[in-house]
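What follows is each chain in one-letter form.
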Amino acid sequence: MAEPHRSSLCPQQECFARVVWAVHILYYLTKTRSHEELLEAESNVESGSDTDDSSDDEIDYNTENKVILSGPQDSIRRKFLACIAQLLSPCKGWDGVTATAIREGEDGVEVDIARNDGFLSGGFCFDTAREPQFRNFRIVLVNPKSKTMLEAKYRIKISEAWERLGLGTIPGPVVQKLDSFSENFEEVCAETVSLHIEMQLVMHYDERGALQPTFDYFGCRKKTCLLCETFLRGLPSPVATRGRHGVCYPASAVPESKSGDIEVAIQQLEKSLVGHIRGFLSDLTNLRQGGLAVNIAQSDMVSDFSRFTLEERQRREQHVSLFENEETMKQSDLLMM
């Protein structure tokens, strides 16, 4: 018998809330920085990722020609989308992150482009009309999506969120780790946040009448975070990217939609985040048990050694006592003679 659909058990807003709770808890467990440092930390990671990945972008003309002439068609499309995203990213940091998707037809090629700042910072100067080699190429700017926030009834204490996620009782060491974040948990979960750019593209294609991409790949200036990568992978038609850095950022909105495809991806995202938390708890338990096992072994060794030393000492004392007695008896015999 098939399992009941999750939506019958979990209203859309609650599914949205469960993801928000889980992502904050996972971030607290895997990071030691406070929530207030998040935006600055994310900006640093974005800048760092640009530096780390510079070798991927700095390809000379001859190398690029070889890629185009000899590479598979999908590889060419991925590189093309990545180059467009890099070209139209005016600055480092969250605001300038740009994502692209391609739509190919008989009459030409269209590339949908979305940027975190909604193109408010400018930097868009790619005029295809002046380039004859791009006469059948068109760029479509995607409007930014509205920010989202939790409903008041889902702004709860971290202990209640932990319980409602089905994680059971909070272990003692975890209580200590979460303690510094507990006081502000309701406040930070209530913040108004924006969708990351990869999710914005998905939401754009979820709109009625939106033309769909013909290639399940998003080009992006950066690697995707844990949330975006998991969400894209959970779609009925998974979308690939250039890779992920795996960092969990709670300052990211969760898509809200009545679409069945989006709902499935959100459920998969929640399941994955809770699985990551359980994995952390399992690793913590194994680490503590491993530490106790080592201590017990050391204790046994010390006890055995102590017992051996005591018995040996007693035997030696007995030998000394016997020797002294024998010497005393010999001296007595000599005196009697």
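Our subject is the structure that appears above.
In this text, all values refer to a predicted model and were calculated from it rather than measured experimentally.

Conventions used here
- Residues numbered from 1 in each chain as written.
- Predicted model: local features only at pLDDT ≥ 70, side-chain atom pairs only at ≥ 80, totals over all residues.
- Heavy atoms only, no water.
- Helix = DSSP H or I, 4+ residues; strand = E, 2+ residues; numbered from the N terminus.
- Expected span 1.5 Å × (residues − 1).
- Buried < 20%, exposed > 50% of the residue type's maximum accessible area, 1.4 Å probe, protein only.
- Axes fitted to C-alpha atoms, helices over the stretch in contact; angles between N-to-C directions.
- Parallel < 35°, antiparallel > 145°, perpendicular 65-115°, else oblique.
- Contact = heavy atoms within 4.5 Å.
- Nonpolar A, V, L, I, M, F, W, Y, C, P; charged D, E, K, R; others polar.
- Pairing = 2+ DSSP bridges.
- Salt bridge = Lys/Arg side-chain N within 4 Å of Asp/Glu carboxyl O.
- Core = buried A, V, L, I, M, F, W, Y, C linked by side-chain atoms within 4.5 Å.
- Phe/Tyr/Trp six-rings, centres within 6.5 Å; stacked < 30°, edge-to-face > 60°.
- Lys NZ or Arg CZ within 6 Å of the ring centre and 35° of its normal.
- Disulfide = S-S within 2.5 Å.
- 1 Å grid on protein atoms, 1.4 Å probe; cavity = no way out; pocket = protein on both sides within 12 Å on 5 of 7 lines; lining within 4 Å.
- Points joined across faces, edges and corners; volume = space filled by probe spheres on them.

Caption draft 1: Geometry of helix α1 (residues 12-30). Over its 19 residues, α1 extends 27 Å from the first C-alpha to the last, a length consistent with the 27 Å expected when each residue adds 1.5 Å. Burial analysis of α1 places 17 of its 19 residues in the buried class, which makes it a mostly covered element.

Caption draft 2: Spotlight on the packing of helix α9 (residues 197-206) against helix α10 (residues 226-234). Their axes nearest at 9 Å, the elements α9 and α10 cross at an angle of 30°. Taken as axis vectors, α9 and α10 run roughly parallel relative to one another. Where α9 approaches α10, its residues Glu-198, Met-199 and Val-202 are matched on the opposing element by Leu-227, Cys-228, Phe-231 and Leu-232. Here the residues of the contact of α9 with α10 are counted per class, giving 6 nonpolar, no polar and 1 charged.

Caption draft 3: Structural detail: the sheet that holds strand β1 (residues 98-105). Judged by pairing direction, the sheet is mixed, and its 4 strands sit side by side in the order β3-β2-β1-β4 without closing on themselves. Edge positions in the open sheet fall to β3 (137-141) and β4 (219-220), since each of these has one partner strand only. The pairing of strand β2 (residues 108-115) with β3 spans 5 bridges and is classified as parallel. Considered in β3, the bridge of Ile-113 is made with Leu-141. Strand contacts of helix α5 (residues 73-87): β1, β2, β3 and β4, with the helix running at about 135° to β1, the strand carrying the most contacts. This element, α9, spans β1, β2 and β4 of the sheet and lies at about 35° to β1.

Caption draft 4: How the structure looks around the pattern of salt bridges. Enumeration over the complete set of coordinates arrives at 13 salt bridges. Where salt bridges share partners, they join Arg-103, Glu-110, Asp-112 and Arg-138 into one cluster.

Caption draft 5: Quick look at the nonpolar core. Counting 63 residues, the largest nonpolar core has Trp-21, Trp-162, Phe-231, Leu-273 and Ile-277 as its most contacted members. When contributions to this core are tallied by element, the ones reaching two or more residues are α1, β1, α6 (158-164), α7 (172-182), α8 (185-189), α9, α10 and α11 (260-336). The biggest single contributor to this core is α1, with 13 residues. When sequence neighbours within four positions are dropped, the list of residues in contact with Ile-277 reads Ala-22, Ile-25, Leu-26, Leu-29, Trp-162 and Leu-167. Residues Leu-81, Ile-84, Val-111 and Tyr-217 belong to the second largest nonpolar core, which totals 11 residues.

Caption draft 6: Just the side chain of Thr-100, in detail. Assignment of secondary structure puts Thr-100 in strand β1. For Thr-100, a relative accessible area of 0% corresponds to the buried category. Those residues in contact with Thr-100, other than ones at most four positions away along the chain, are Leu-81, Ile-84, Ala-85, Val-111, Asp-112, Ile-113, Leu-201, Tyr-217, Phe-218 and Gly-219.

Caption draft 7: A look at the packing of aromatic side chains. Here the structure, examined in full by the defined rule, presents 7 aromatic pairs. On the basis of an interplanar angle of 80° and a centroid distance of 5.7 Å, the ring pair of Phe-80 and Phe-137 is categorised as edge-to-face. Of this pair, Phe-80 sits in helix α5 while Phe-137 sits in strand β3, and the two are 57 residues apart along the sequence. You can call Phe-80 partly exposed: its relative accessible area is 26%. Here a set of aromatic residues connected by ring pairs shows up, and it is made of Tyr-27, Tyr-28, Phe-181 and Phe-185. Its end group placed over the ring of Phe-215, Arg-77 keeps NZ or CZ at 5.8 Å from the ring centre.

Caption draft 8: Structural view of the state of the cysteines. Going through the model one piece at a time under the given rule, you end up with 0 disulfides. This cysteine, Cys-220, is not joined by any disulfide, and Cys-228 carries the nearest cysteine sulfur, 8.4 Å off. The class for Cys-220 is buried, based on a relative accessible area of 3%.

Caption draft 9: Representation of the pairing of β1 in the model. Here β1 lies mainly inside the structure; 6 of its 8 residues are buried. As defined by bridge partners, β1 adjoins β2 across 8 bridges and the pair is classed as antiparallel. Paired with Ile-102 across the bridge in β2 is Val-111. Hairpin connection of β1 to β2: 2 residues between the antiparallel strands. Here β1 runs beside β4; their pairing, made up of 2 bridges, is antiparallel. Looking at the pairing, Thr-100 lines up with Gly-219 of β4.

Caption draft 10: Here's a closer look at empty space enclosed by the protein. For the coordinates displayed, the defined rule picks out 2 cavities of 30 Å³ or more. Taken as a whole, the largest cavity encloses approximately 110 Å³ of empty space. Around the largest cavity, the lining is made up of 17 residues, and of these Val-20, Cys-189, Glu-191, Val-193 and Ser-252 lie nearest the centre. At 4 residues, the largest contribution of residues to the lining of the largest cavity is made by α1. Partitioning the lining of the largest cavity into residue classes produces 12 nonpolar, 4 polar and 1 charged. Reported here for the second largest cavity is a volume of approximately 90 Å³. In terms of lining, the second largest cavity is formed by Gln-12, Cys-15, Phe-16, Val-254, Pro-255, Glu-256, Ser-257, Ile-262, Glu-263 and Ile-266.

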